[in-house]
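Topology and contacts: notes
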Amino acid sequence: MAAWASSSSSSLANYSSSTSILPRTASKTSCPFNSHQHRPVTSVSLLPYHRPSTSSLSWAQKEVGIRIGWNIGEEKACLASALRTSAVRQLTGSLTSAEGLRFGIVVARFNEIVTKPLLEGALDTFKKYSVKEEDVDVVWVPGSFEIGVVAERLGRSKKYDAIVCIGAVVRGDTTHYDAVANSAASGVLSAGMNSGVPCIFGVLTCDNMDQALNRAGGKSGNKGAEAALTAIEMASLFEHHLKL
Ligand SMILES: Nc1c(NC[C@H](O)[C@H](O)[C@H](O)CO)[nH]c(=O)[nH]c1=O
Ligand SMILES: CC(=O)[C@@H](O)COP(=O)(O)O
């Protein structure tokens, strides 16, 4: 008899009178096998499973084998998920513990009619979440293409817990838009990866100026303010959970 069968039959005896080993909600809802059985999972072998011939198995072992064999993927996944759920740590940054965190803001002067309100949205958000003015530095660059290199320099200085990158790339008549927009995005991404400091992408990439203005305090909100919120959460996450 396969090793799994004997241990499963004994484990069946152990569990048969016990309540579900899965949290009630898990056995009732998240295990597809259980959904039509309407019975809590009482035993799932965690041994390496192979399907033996059933002729030599007792009723109990067939029951376990059938339950496990037919739905090994779902049952194991459910049990594993349930076990993970009971032991899972969930780490997140807090928006209510921003005091003392330090932020850099890199903002492009190009399309300043858009980037200035984006910057103001970010600064207002920092103030609203108790970030002191002396804990925020603003660095102006000519255009969005220059954001990445400055963001990385600020990150490597280790003076900041997160860096907000603000720009507005608006499509013109040529394909220059694609070069600038893509470079800005990859520049901000690289700055964060290379410096280890969260760099937040608050660069608008729009087909026209109306789209940009709508996202700088217009009917579509303020992406600068959103970027500042993201910066606070990421800075808090790194400060409280991801310190090296
Ligand atoms: N067209 C836009 C630019 N272009 C300028 C570049 O960002 C860069 O400063 C120049 O290529 C020199 O390196 N910048 C924006 O931020 N937005 C635009 O729409
Ligand atoms: C995003 C740009 O670089 C763009 O504003 C430049 O306009 P054009 O493509 O007409 O030169």
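Refer to the structure presented above.
Quick summary incoming for the structure in this document. (Residues numbered from 1 in each chain as written. Chains lettered and ligands numbered in written order. Predicted model: local features only at pLDDT ≥ 70, side-chain atom pairs only at ≥ 80, totals over all residues. Heavy atoms only, no water.)

All right, on to the site of ligand 1 then. Taken together, Phe 110, Asn 111, Gly 143, Ser 144, Phe 145, Glu 146, Ala 168, Val 169, Val 170 and Val 180 form the complete shell of residues around ligand 1. For ligand 1, an oxygen atom lies 3.1 Å from a polar atom in the backbone of Phe 145. Between Glu 146 and ligand 1, the recorded distance is 2.5 Å, taken from a side-chain N or O atom to an oxygen atom. For ligand 1, whose unbound accessible area comes to 430 Å², protein coverage reaches 75%. Looking at the shell around ligand 1, the element that brings in the most residues is strand 3 (residues 162–170), giving three residues. Looking at the shell around ligand 1, its residues break down into six nonpolar, three polar and one charged. (Near = heavy atom within 4 Å. Polar contact = N/O pair within 3.5 Å; in protein donor to acceptor, adjacent residues only side chain to side chain. Areas by Shrake-Rupley, 256 points an atom, 1.4 Å probe, with all protein chains shown as cover. Helix = DSSP H or I, 4+ residues; strand = E, 2+ residues; numbered from the N terminus. Nonpolar A, V, L, I, M, F, W, Y, C, P; charged D, E, K, R; others polar.)

Okay, the site of ligand 2 next. Inspection of the region around ligand 2 gives Val 169, Val 170, Gly 172, Asp 173, Thr 174, His 176 and Tyr 177 as its neighbouring residues. Contact distances for ligand 2 include 2.7 Å between an oxygen atom and a backbone N or O atom of Asp 173. Those elements that provide at least two residues to the shell around ligand 2 are strand 3 and helix 7 (176–195). Of the residues contributing to the shell around ligand 2, the split by class is three nonpolar, three polar and one charged.

A separate point is the packing of aromatic side chains. For the structure shown, the criterion picks out one aromatic pair. Here the aromatic rings of Phe 103 and Phe 126 are separated by 4.5 Å at their centres, their planes lie at 25°, and the arrangement is stacked. Placement of the pair is Phe 103 in strand 1 (residues 103–108) and Phe 126 in helix 5 (residues 112–128), with a sequence separation of 23 residues. Taking the relative accessible area as the measure of exposure, Phe 103 reaches 0% and is therefore buried. Judged by relative accessible area, Phe 126 falls into the buried class, the value being 1%. (Phe/Tyr/Trp six-rings, centres within 6.5 Å; stacked < 30°, edge-to-face > 60°. Buried < 20%, exposed > 50% of the residue type's maximum accessible area, 1.4 Å probe, protein only.)

Moving on: helix 9 (residues 223–241). The end-to-end C-alpha separation of helix 9 is 26 Å, in line with the 27 Å expected for 19 residues at 1.5 Å each. Along helix 9, the residues classified as buried are Gly 224, Ala 225, Ala 227, Ala 228, Ala 231, Ile 232, Ala 235, Ser 236 and Leu 237. Those residues of helix 9 hidden inside the fold are in contact with strand 1, helix 5, strand 3, strand 4 (199–206) and strand 6 (221–222). One side-chain oxygen of the residue at the start of helix 9 lies 2.7 Å from the amide nitrogen of Gly 224, identifying that residue as Asn 222. (Expected span 1.5 Å × (residues − 1). Contact = heavy atoms within 4.5 Å.)

Of note, the phi angle at Ser 130 is positive, near 65°, even though the residue is not glycine. Topologically, Ser 130 is positioned in the loop between helix 5 and strand 2 (136–141). Classification of Ser 130 by relative accessible area gives partly exposed; the value is 41%. Positive phi values are uncommon outside glycine, yet Lys 158 reaches one of about 60°. Residue placement: Lys 158 occurs in the loop between helix 6 (147–156) and strand 3. For Lys 158, a relative accessible area of 51% corresponds to the exposed category.

Tallying each qualifying case throughout the model produces seven salt bridges. With a closest N to O distance of 3.1 Å, Lys 132 and Glu 99 form a salt bridge. Here Glu 99 lies in the loop between helix 4 (59–87) and strand 1 and Lys 132 lies in the loop between helix 5 and strand 2, a separation of 33 residues in the sequence. The exposure class assigned to Lys 132 is partly exposed, which follows from its relative accessible area of 33%. (Salt bridge = Lys/Arg side-chain N within 4 Å of Asp/Glu carboxyl O.)

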